[in-house]
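Here's the letter readout for the chains.
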Amino acid sequence: MSKYLDCYDYAAIHAQAEHVVKHRKKLRRDVVQKYLDWFDTHCATSKLRFQQAQEVIPGGIEHNLANNHPFPISIDRAEGAYLYDEDGNRYYDLLMAGGPTILGNNYFGKECAQFIIDKAPLTGLYSEYERKLAELVCQYYPSVEMFRMLGSGTEADMIGVRLARAFTKKKEIIRIRGGYHGWSDQFIYNASEAPEDAACLNGIPVECFQSTHCVEPNDIEALEQQFIENEKFGGTAAFVMEAIGQDSGAVPLTREYHAAARELCKKYGALLIFDEVVTAFRLGMGGAQAEFGSKPDLTIFGKIIGGGYPCAGGVGGRREIMEMLAAGINKNRDKKVRVGGTLSANPLTAYAGCLTIEELAKTNAHETLAKASDYFMKEIAGLTEKYDVPALVFNHQSILHIDVAGSQHIPTIYKKDDPEFARQSKEASQCVMEFAMALAAEGTIISGGGKTYLSCATAPLVDEILGSYERVFKGFE
Ligand code: PMP
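Basis of the calculations
Residues numbered from 1 in each chain as written. Predicted model: local features only at pLDDT ≥ 70, side-chain atom pairs only at ≥ 80, totals over all residues. Heavy atoms only, no water. Near = heavy atom within 4 Å. Polar contact = N/O pair within 3.5 Å; in protein donor to acceptor, adjacent residues only side chain to side chain. Areas by Shrake-Rupley, 256 points an atom, 1.4 Å probe, with all protein chains shown as cover. Helix = DSSP H or I, 4+ residues; strand = E, 2+ residues; numbered from the N terminus. Nonpolar A, V, L, I, M, F, W, Y, C, P; charged D, E, K, R; others polar. Buried < 20%, exposed > 50% of the residue type's maximum accessible area, 1.4 Å probe, protein only. Pairing = 2+ DSSP bridges. Right-handed = clockwise from strand over helix to strand, strands pointing away. Axes fitted to C-alpha atoms, helices over the stretch in contact; angles between N-to-C directions. Phe/Tyr/Trp six-rings, centres within 6.5 Å; stacked < 30°, edge-to-face > 60°. Domains from an automatic or database assignment. Contact = heavy atoms within 4.5 Å. Buried area = accessible area lost by both parts, 1.4 Å probe. Salt bridge = Lys/Arg side-chain N within 4 Å of Asp/Glu carboxyl O. Parallel < 35°, antiparallel > 145°, perpendicular 65-115°, else oblique. Left-handed = near helix turned anticlockwise from the far one by under 90°.

Every residue lining the ligand is accounted for by Ser152, Gly153, Thr154, Asp157, Tyr180, His181, Gly182, Glu242, Asp275, Val277, Val278 and Lys303. Within the backbone of Gly153, an N or O atom sits 2.9 Å from an oxygen atom of the ligand. Separating a nitrogen atom of the ligand from a side-chain N or O atom of Lys303 is a distance of 2.7 Å. Coverage of the ligand by the protein amounts to 83% of the 390 Å² it exposes when considered alone. At three residues, the largest contribution of residues to the shell around the ligand is made by helix H6 (residues 153-168). Its residues assigned to classes, the shell around the ligand shows three nonpolar, five polar and four charged.

Across a regular strand the side chains alternate sides, sitting on one face of the sheet and then on the other. In terms of burial, strand S9 (residues 271-275) is a largely internal element, five of the five residues being buried. Across five bridges, the pairing between strand S7 (residues 236-242) and S9 is parallel. Directly across from Ala238, in S9, lies its bridge partner Leu271. In the classification by handedness, the crossover that spans S9, the intervening helix H11 (residues 287-292) and the parallel strand S10 (residues 298-301) is right-handed.

Time to look at the pairing of strand S11 (residues 313-317). Across the five residues of S11, five count as buried, placing the element largely inside the fold. Side chains Gly313, Val315 and Gly317 project from S11 onto one buried face, and the interleaved Gly314 and Gly316 project onto a second face that is buried too. Bridging between strand S4 (residues 146-150) and S11 involves five bridges; their strand directions are antiparallel. Directly across from Leu150, in S11, lies its bridge partner Gly313. One ladder, built from four bridges, connects S10 with S11; its direction is antiparallel. Paired with Ile300 across the strands is Val315, a residue of S11.

Across the sheet, seven strands lie side by side as S4-S11-S10-S9-S7-S5-S6; this open sheet has mixed pairing. Two strands lie at the open edges of the sheet, namely S4 and strand S6 (212-215), each paired on one side alone. Averaged over all adjacent pairs, the angle separating strand axes in this sheet is 20°, with direction ignored.

Counting across every chain of the model gives 21 aromatic pairs. Summarising the aromatic geometry, the rings of Tyr140 and Phe281 are spaced 6.2 Å apart at their centres and angled 80° between planes, so their arrangement reads as edge-to-face. Placement of the pair is Tyr140 in helix H5 (residues 128-140) and Phe281 in the loop between S9 and H11, with a sequence separation of 141 residues. Judged by relative accessible area, which is 22%, Tyr140 ranks as partly exposed. Overall, the relative accessible area of 0% leaves Phe281 in the buried class. Here the aromatic rings of Phe239 and Tyr257 are separated by 6.4 Å at their centres, their planes lie at 75°, and the arrangement is edge-to-face. Of the two residues, Phe239 is situated in strand S7 and Tyr257 in helix H10 (residues 255-267); the sequence distance between them amounts to 18 residues. Note on Tyr257: relative accessible area 0%, which makes it buried.

To continue, consider the domain arrangement of the protein chain. When the domains of the protein chain are assigned, the result is domain 1 (10-106 + 364-473) and domain 2 (123-345). Just the C-alpha atoms count here: the centres of domain 1 and domain 2 sit 27 Å apart. Across the boundary between the two partners, domain 1 contributes 26 residues, which contact 29 residues of domain 2. Of the roughly 2200 Å² buried between domain 1 and domain 2, counting both surfaces, carbon and sulfur atoms make up 56%. Considering only the surface of domain 1 that becomes buried against domain 2, Tyr10, His366 and Gln408 emerge as the three largest contributors, covering 27% of it. Run the count over domain 1 and domain 2 and you get one salt bridge. A salt bridge links Lys451 to Asp247; the shortest N-O distance between them is 2.8 Å. Summed over the shared surface of domain 1 and domain 2, the result is 11 residue pairs in polar contact (both at pLDDT 80 or more). Residue assignment for the side of domain 1 that touches domain 2 shows that the elements contributing at least two residues are helix H1 (10-22), strand S12 (392-396), strand S13 (399-403), helix H15 (410-413) and strand S15 (451-453).

Below, the discussion takes up the packing of helix H4 (residues 109-119) against helix H13 (residues 347-362). Running from N to C, H4 and H13 point in directions that differ by 150°, and their axes come no closer than 10 Å. Here H13 runs roughly antiparallel to H4, going by the angle between their axes. As H4 runs across H13, the sense of the crossing is right-handed. Contact with H4, carried on its side by Glu111, Cys112, Phe115 and Ile116, involves Pro347, Leu348, Tyr351, Ala352 and Leu355 of H13 and no other residues of that element.

This is how it looks when you write it as structure tokens:
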């Protein structure tokens, strides 16, 4: 009962999500204990490192991209398809640093090291690679006439909104519930969707997000209603959406919704902003906008733009909007939008980004990745059927959703005030955590939540990686 699904068939995905949520299975308790024991015996250095880190780092960890249960694994090095921890364990890397290292780990390590030796990673002055990178982005994204590099996806989302407000002279922002647009005061998870969730809001004044409104995914009527409602407060500056749906497409958006989003933005004089932090250059060279044939006013880019080198992000779009940015030499500064960033567009990252984009195009990487991903996911679906594990199994090319918990779909099934909502959310997060822990013990590190990624380095190894999944599925109730 876990068929391989088409990522554009939202109805089938929603129906399967409901099945997963209502018939969710867990790993057997003896199996969970076996994996906990594995961590104790095989990852003693990681365990020690975590204890040491907690003395000087709040919570002992600074990255929340992956599963950290029972404790974070301390990685020593990464190469190609693999991660190596301090205890000498080797893992297949399906996390890929949260997506950006599409070509594999340390693909241009030698070139970048040589660049640092010959030229230095940071000067605070212009380097030719900034222009080259901007040209490459404009070349592959017809909606992008100008591009501005920034330090992270979070910064790019912040600046996208600031530009939209300055350009439209409106204030209200619409986003889709569950979408992630970084951790700024305005966008941090849950702020505008669950103001009652105090844990998300410590340190954030309510004014920071009270002009940001959440709508349900794929509900065109609700979206228009929000545009209408916003007219009372001066109108909508922008509709911001993860272009394939929340959490890298865990709840995919339909083609109709995409078309309606474009139309409604036009009708109400708002900018359409695609957050393509995960999808740009991963979902083909032209990202999600090429896939959907849609043209946003602004596009948010993230870590992929630097090929996995720090710090990377950027915003691009229509010339008349982008020209409002005020870094550099500008007349009429009073009419501009301020932006900065010491590490933005640093020579090393711009250089690594150019190398990566050119290599992706030259090797036709996306075609190979898409083929390997489709094959892998069909095999995964077969395994979930064989071991009778209810799961959502679909992929947007190399963005893979292998979801045994259905976490992202719980709000589409239960209302927030239904006691089942809280119970389900708790059970689902335990399930996700144990699944990722089991896979790590079986030799594969995945991303947090239900999604994960293939790279050009892991694509040739999918048959071996399937072994990790099969051993884990065997351990389900
Ligand atoms: N938008 C999306 C869709 C993301 O997935 C992320 C992070 N993965 C961000 C924004 C924030 O990017 P960063 O972590 O570089 O700040």
